[in-house]
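An overview of the molecular structure
One letter stands for each residue in the lines below.
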Amino acid sequence: MKEQLALLDSLNINLGAGEMVIVNIILAFVMFGVALGIKVQTFKEVFKSPKSVIVGMLLQWVALPAVTCLLAIILNPVITPMVAIGMLLVASCPGGNISNFMSSLSKGNVELSVSMTAITTAFAPLVTPFTFWFWGTLYCRFAAVRNDIPTLEIPFMDMLEQILLILGLPIIAGVLFAHYFPNASKRIMKPAQILSILLFIGMVAVSLTQVLTALESKWTVYSSILCALVVVILHNASALSTGYFGSGLMKLPPLDRRSLTIEVGIQNSGLGLALLFNPAIFDPALWNHNGGMVIITALWGIWHIVSGLTISSIFRRQKTEA
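The paragraphs below set out a description of the structure included in this document.

1. Topic: the overall build of the protein chain
- Check the secondary structure of the protein chain and you find 14 helices and 0 strands.
- Taking all 322 residues of the protein chain together, 54% fall into the buried category.
- Considering only contacts within the protein chain whose residues lie at least 6 apart along the sequence, 86% involve residues at least 24 apart.
- Carbon and sulfur atoms make up 70% of the accessible area of the protein chain, which totals about 14400 Å².

2. A word on the packing of helix α6 (residues 98-105) against helix α7 (residues 110-122)
- Relative orientation of the contacting elements α6 and α7 amounts to 165°, with a least axis distance of 9 Å. The angle between α6 and α7 falls in the class roughly antiparallel. Crossing of α6 over α7 shows right-handed handedness. Of the residues in α7, those touching α6 at Ser99, Asn100, Ser103 and Ser104 are Val110, Ser113, Val114 and Thr117.
- Classifying every residue of the contact of α6 with α7 gives 2 nonpolar, 6 polar and no charged.

3. A look at the state of the cysteines
- Scanning the model with the defined rule gives 0 disulfides in all.
- With no disulfide of its own, Cys140 has Cys69 as its nearest cysteine by sulfur position, at a separation of 9.2 Å.
- The exposure class of Cys140 is buried, given its relative accessible area of 1%.

4. Overview of a nonpolar patch on the surface
- Nonpolar side chains collect at one region of the surface, where Leu165, Leu169, Ile172, Leu176, Tyr180 and Phe181 lie side by side and expose about 650 Å² of accessible area between them.
- Locating Leu176 in the fold gives a position in helix α9 (residues 156-180).
- Owing to a relative accessible area of 43%, Leu176 belongs among the partly exposed residues under this scheme.

5. Some words on helix α5 (residues 81-92)
- If you check α5, its first and last C-alpha atoms are 16 Å apart, about what 12 residues at 1.5 Å a residue would give, namely 16 Å.
- Across the 12 residues of α5, 12 count as buried, placing the element largely inside the fold.
- Here α5 has its buried residues at Pro81, Met82, Val83, Ala84, Ile85, Gly86, Met87, Leu88, Leu89, Val90, Ala91 and Ser92.

6. Observations regarding the side chain of Ser103
- Secondary-structure assignment places Ser103 in helix α6.
- Residues within four places of Ser103 in sequence aside, it is in contact with Gly108, Asn109, Val110, Ser113, Ser259 and Ile262.

Scoring rules and cut-offs
- Residues numbered from 1 in each chain as written.
- Predicted model: local features only at pLDDT ≥ 70, side-chain atom pairs only at ≥ 80, totals over all residues.
- Heavy atoms only, no water.
- Helix = DSSP H or I, 4+ residues; strand = E, 2+ residues; numbered from the N terminus.
- Buried < 20%, exposed > 50% of the residue type's maximum accessible area, 1.4 Å probe, protein only.
- Contact = heavy atoms within 4.5 Å.
- Areas by Shrake-Rupley, 256 points an atom, 1.4 Å probe, with all protein chains shown as cover.
- Axes fitted to C-alpha atoms, helices over the stretch in contact; angles between N-to-C directions.
- Parallel < 35°, antiparallel > 145°, perpendicular 65-115°, else oblique.
- Left-handed = near helix turned anticlockwise from the far one by under 90°.
- Nonpolar A, V, L, I, M, F, W, Y, C, P; charged D, E, K, R; others polar.
- Disulfide = S-S within 2.5 Å.
- Patch = residues over 30% accessible without salt bridge, like charges linked within 9 Å, V, L, I, M, F, W, Y side chains within 5 Å.
- Salt bridge = Lys/Arg side-chain N within 4 Å of Asp/Glu carboxyl O.
- Expected span 1.5 Å × (residues − 1).

The values reported here are purely geometric and, on their own, carry no functional implication.
See the structure below:
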């Protein structure tokens, strides 16, 4: 497996200036759509019983990156450092916007899901770069000892600036739009969510297409992608398990447990791709072997939809008291 993943690492996948602008616009639009659903009343209702929110934040911001780092260390003999860094980048991103739909499908606590997505997204400008820097540096120190690779530097401030631009501003704009134009916000919210999902899938497809065209042999394509998908499936399963067993350990209500399982298992990998393609953060001259990072992040964006819908369907069939 490591040899196949190393083939992905050898690829240098970057977007031109025009393509990068399109990626940022897509992600900003997605964040604007998420912000349309953020209401002060939602926070008030959830924070009347804040235990589930607090547990959710700890699972999302602490437990998931820690579990991911541990998984990367365990898999160290069979994965490459770039693949591991890609896993940590995904784990450092905020919750994905489709988690709210999946929470509703699973008959979970939708208000908790919306609040979780809103909080993790709102604090992403600070939490994402710090989390990625902390756990990425920790893993790289381990990998440098075991694999004799150089320590990888993660630019905290450049990442903070980028996230503020592509997350912070759209969120503020969305919240203000929903506040001052509530009727228009209700009309465009659902179409905006559907369109954002389609645009995100398109962005992932472009990333995968670049990988497929860079790899010449068909067998090389299939085997390398399959190996990366196995890693993504294991990583996503660990994320869902972190949410499920972590919330169960804290004895949260069944409906809250469903929502937190989905929230921790659904990550905004679109943000990860936008960061990867930003030359100010991942300088192509230094990160000229970023193929493994890109493919892991892109495949997560596809697989977490499959796993999320699957777990939501299972939850939906279960009988439980609210």
